[in-house]
Amino acid sequence: MYASKIKERLTKDLRTKDLPFTIIADECTDPHSNQEILSLCLRFVDQSTPNDPHVKECLISFMHLERTNAAMISRKILESLSDPSISLDPSNIRGQAYDGASVMSSGKEGVQAKIKETSPLALYTHCYAHCLNLSIAATCKLPEVRNLIGLINEAYLFLNNSPKRQQLFELTLREYLPENSHSKLPGLCKTRWVERHTCLDVFLEMYELLVTFLDAVISPHEYPHLKSSTGSWNWDKDTITKAQGLKASLLTFQTVVVFITTKNILDEVKALASKLQKQDQDIFEAYTMVDEVIGNIKSARKNIDVDFQVWYKEMLDLSGKLGIVEAVPRKTSIQRNRSNIPSSTPIDHYKKSVAIPLLDSLIIQMQDRFSGEDRHARHLLYLVPSIIVNNSQELSEAAKGMLFWENDLPFPKSLGNELRRWQTMWQSAEKELPNNLLLALGACDEDTFPNIHRLLLIACTLPISSAEAERSFSLMKRIKTCTRSTMSEERFSDLAVIAMHYPERFKVDEICEAFVKAHPRRLFQATLFD
């Protein structure tokens, strides 16, 4: 009952004002009940304060899937929208965001195609955060980078799989690096690339310390001050052998070069990976950030001769602290498993075999996955005042593109004149121009610019990523435990909605009144005290 009241309050304006909205969905497997779970979220613009609108993304349902085909998933989504506490018209769906799995993204038989049968204007967006992850993952398949990632994972597992080794590592950390705020070596997360950036940063801080720790495992008698409370450390042969292998790999010049190069190149996308997961991100800001990052990577590729010299000094500094000698791998006439590029100096060799291929691969992957041709709503970007004031010649073409939403416009035939008035108003404006869609919507008078106001409302509603649905799975793990594995779908979904929207509060009388209406009995209609 409480969850129904929350969903009713969240979707009230969507029902009464017939506003556009977006659906965001993702699925995962519940490890306790071994069932497939679909998370459904809505994205819409909250106009409770007309001059300061803001975007909302909210969880409305968790659903069990008997099958994971497009027909079942789309049916579950539409059934959830028809729930009495939500009662939204599917024809008002203007966007849908999923991952790139074929069952979701296929334009013929996928979920997006099934939803478009009900709402033809529901544009599909392949989650931008997923696109960025896929770009980085494909780039990291280069042999040198793949070997580095394997080495970092081996070091993480070497510590994480043994409390005894972790205890020695923390003792070494307190002795040699007491000011460090991290007590553990993080692993490379398989799905969240933001965490991978953090892992690379922490790994660089602890690189020297990790070598010292491994040396203490191999030769404990050389570190008498690192004794445990029970005396000296006794390690088995397998542990010592693994420590020797890790130390030998870390103390090669090629490992240092690949690590520093990978970290510096991926630093370019670190901020983008984080910002693409924000709720209030609109398509204009996302497109702009992606284009800027691709431009920065291209600039780094163009200036690789200068930039790599700076990186190389960093590599030499770290190598000098660890006693590593500058060297290049042995060359042979026939080489299949590593680069055999002709070069005159070590810096030239590593620039050609590591830095340039890594940059080229990242540029190709990002240009392919963030192609401008896939930006179906690009014409709506001209509604941003900072853009429209400088694009008079392209205004008529943009107006034609905006007529894709002709059925949503109150006066479609006057759109061209309205755009010219919108442009003239901002060209003569003395105040600072709004630089995103949400600010433009707040500055747009609905009575003066009814068509533009509606288009801005749709543009702000269009999604960038499916991060909100993925975030809800963290909540699922807290609610669905091994002791609650047989919980019904309705109870599970309602508890999730209540937990996700805990700031929403209702008076006890409202809940009681709703309960009486849902379960009418004569006992509730009158009491002894009436």
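Residues numbered from 1 in each chain as written. Predicted model: local features only at pLDDT ≥ 70, side-chain atom pairs only at ≥ 80, totals over all residues. Heavy atoms only, no water.

Trainee: With reference to specific residues and values, describe the overall build of the protein chain.
Mentor: Helix and strand counts for the protein chain come out as 24 helices and five strands. For the protein chain, the spread of C-alpha atoms along the principal axes amounts to about 85 × 75 × 45 Å. Counting only residues that meet the buried cut, the protein chain has 49% of its 530 residues in that class. Considering only residue pairs separated by 6 or more positions, the protein chain has 71% of its internal contacts joining residues 24 or more positions apart. Of the side-chain charges in the protein chain, 63 are positive and 67 negative, and the distance between the mean point of each set is 4 Å. (Helix = DSSP H or I, 4+ residues; strand = E, 2+ residues; numbered from the N terminus. Buried < 20%, exposed > 50% of the residue type's maximum accessible area, 1.4 Å probe, protein only. Contact = heavy atoms within 4.5 Å. Lys, Arg positive; Asp, Glu negative; His and termini not counted. Charge placed at Lys NZ, Arg CZ, Asp CG, Glu CD.)

Trainee: Please provide a residue-by-residue account of the pairing of strand β1 (residues 21-30), values included.
Mentor: Burial of β1 is extensive: nine of the ten residues sit out of reach of the surface. Where β1 lies against strand β4 (residues 93-98), four bridges are found, and the strand directions are parallel. Bridging from a neighbouring strand, isoleucine 23 pairs with glutamine 96 of β4. By the bridge criterion, nine bridges tie β1 to strand β2 (residues 35-46) in an arrangement that is antiparallel. The residue bridging isoleucine 24 from the neighbouring strand is cysteine 41, located in β2. (Pairing = 2+ DSSP bridges.)

Trainee: Requested: an account of the pairing of β2, with residues and values cited.
Mentor: Taken across its twelve residues, β2 has ten buried, putting it largely inside the fold. Turn length for the β1-β2 hairpin, with the two strands adjacent in sequence and antiparallel, is four residues, and the turn residue asparagine 34 shows positive phi of about 55°. Looking at chain direction, β2 and strand β3 (residues 54-65) are connected through eleven bridges and run antiparallel. Among the inter-strand pairings, isoleucine 37 is bridged to a residue of β3, identified as histidine 64.

Trainee: Could you give me a rundown of the sheet that holds β1, with the residues and numbers involved?
Mentor: Strands belonging to one sheet form pairs held by backbone hydrogen bonds; the direction of such a pair is parallel or antiparallel. The strand order across the open sheet formed by five strands is β3-β2-β1-β4-β5, and the pairing between neighbours is mixed. Lying at the two open borders of the sheet, with one neighbouring strand each, are β3 and β5 (123-126). Pairwise comparison of adjacent strand axes, ignoring direction, gives a mean angle of 25° for this sheet. Across the face of the sheet, helix α3 (residues 70-81) comes into contact with β1, β2, β3 and β4 while running at roughly 120° to β3. (Axes fitted to C-alpha atoms, helices over the stretch in contact; angles between N-to-C directions.)

Trainee: I'd like a rundown of the packing of helix α12 (residues 253-275) against helix α15 (residues 346-369), residues and numbers included.
Mentor: Relative orientation of the contacting elements α12 and α15 amounts to 25°, with a least axis distance of 10 Å. Of the possible angle classes, the one that applies to α12 and α15 is roughly parallel. Judged by the twist between their axes, the crossing of α12 over α15 is right-handed. Contact residues: Phe253, Gln254, Val257, Val258, Thr261, Thr262, Ile265, Val269 and Leu272 in α12; Tyr350, Val354, Ala355, Leu358, Leu359, Leu362 and Met366 in α15. (Parallel < 35°, antiparallel > 145°, perpendicular 65-115°, else oblique. Left-handed = near helix turned anticlockwise from the far one by under 90°.)

Trainee: Residues and numbers for the side chain of glutamine 47, please.
Mentor: Within the fold, glutamine 47 resides in the loop between β2 and β3. Excluding residues that lie within four positions of it along the chain, glutamine 47 makes contacts with Leu19, His453 and Leu457.

Trainee: So what's going on with the packing of helix α10 (residues 207-218) against helix α14 (residues 304-322)? Residues and values would help.
Mentor: Contact geometry for α10 and α14: axes closest at 10 Å, N-to-C directions at 25°. Considered as vectors, α10 and α14 are oriented roughly parallel to each other. Between α10 and α14 lies a crossing whose hand is right-handed. Two secondary-structure elements touch here, α10 through Tyr207, Glu208 and Val211 and α14 through Leu318, Lys321 and Leu322. Its residues assigned to classes, the contact of α10 with α14 shows four nonpolar, no polar and two charged. (Nonpolar A, V, L, I, M, F, W, Y, C, P; charged D, E, K, R; others polar.)

Trainee: Give me the nonpolar core: which residues, what numbers.
Mentor: Ranked by internal contacts, the top residues of the largest apolar core, which has 150 residues, are Ile23, Leu42, Ile77, Leu210 and Met366. Looking at which element gives the most residues to this core, the answer is α12, with eleven residues. Not counting chain neighbours up to four residues away, the residues in contact with leucine 42 comprise Thr11, Leu14, Phe21, Thr22, Ile23, Lys56, Glu57, Cys58, Ile60, Leu81 and Leu88. Listed in part, the 15 residues of the second largest apolar core include Ile37, Cys41, Ile479 and Met487. (Core = buried A, V, L, I, M, F, W, Y, C linked by side-chain atoms within 4.5 Å.)

Trainee: Tell me what's going on with the packing of aromatic side chains, and back it up with residues and numbers.
Mentor: Taken as a whole and assessed by the stated rule, the structure comprises 18 aromatic pairs. Centroid distance phenylalanine 404 to tryptophan 405: 4.9 Å. Interplanar angle 85°. Geometry classified as edge-to-face. For phenylalanine 404, a relative accessible area of 40% translates into the label partly exposed. With a relative accessible area of 1%, tryptophan 405 lands in the buried category. These aromatic residues form a ring-pair network of at least three members: Phe253, Phe308, Trp311, Tyr312 and Tyr350. Sitting over the ring of tryptophan 235, lysine 164 keeps its end group 4.6 Å from the ring centre. In this structure, lysine 480 packs its charged tip against the face of phenylalanine 492, placed 4.9 Å from the ring centre. (Phe/Tyr/Trp six-rings, centres within 6.5 Å; stacked < 30°, edge-to-face > 60°. Lys NZ or Arg CZ within 6 Å of the ring centre and 35° of its normal.)

Trainee: Could you give me a rundown of the environment of serine 343, with the residues and numbers involved?
Mentor: Turning to its location among the elements, serine 343 is positioned in the loop between α14 and α15. As a C-alpha pair, serine 343 and valine 328 span 15 residues in sequence and 10.0 Å in three-dimensional space. Not counting the four nearest positions on each side in its chain, serine 343 is found in contact with Lys331, Asp348 and His349.

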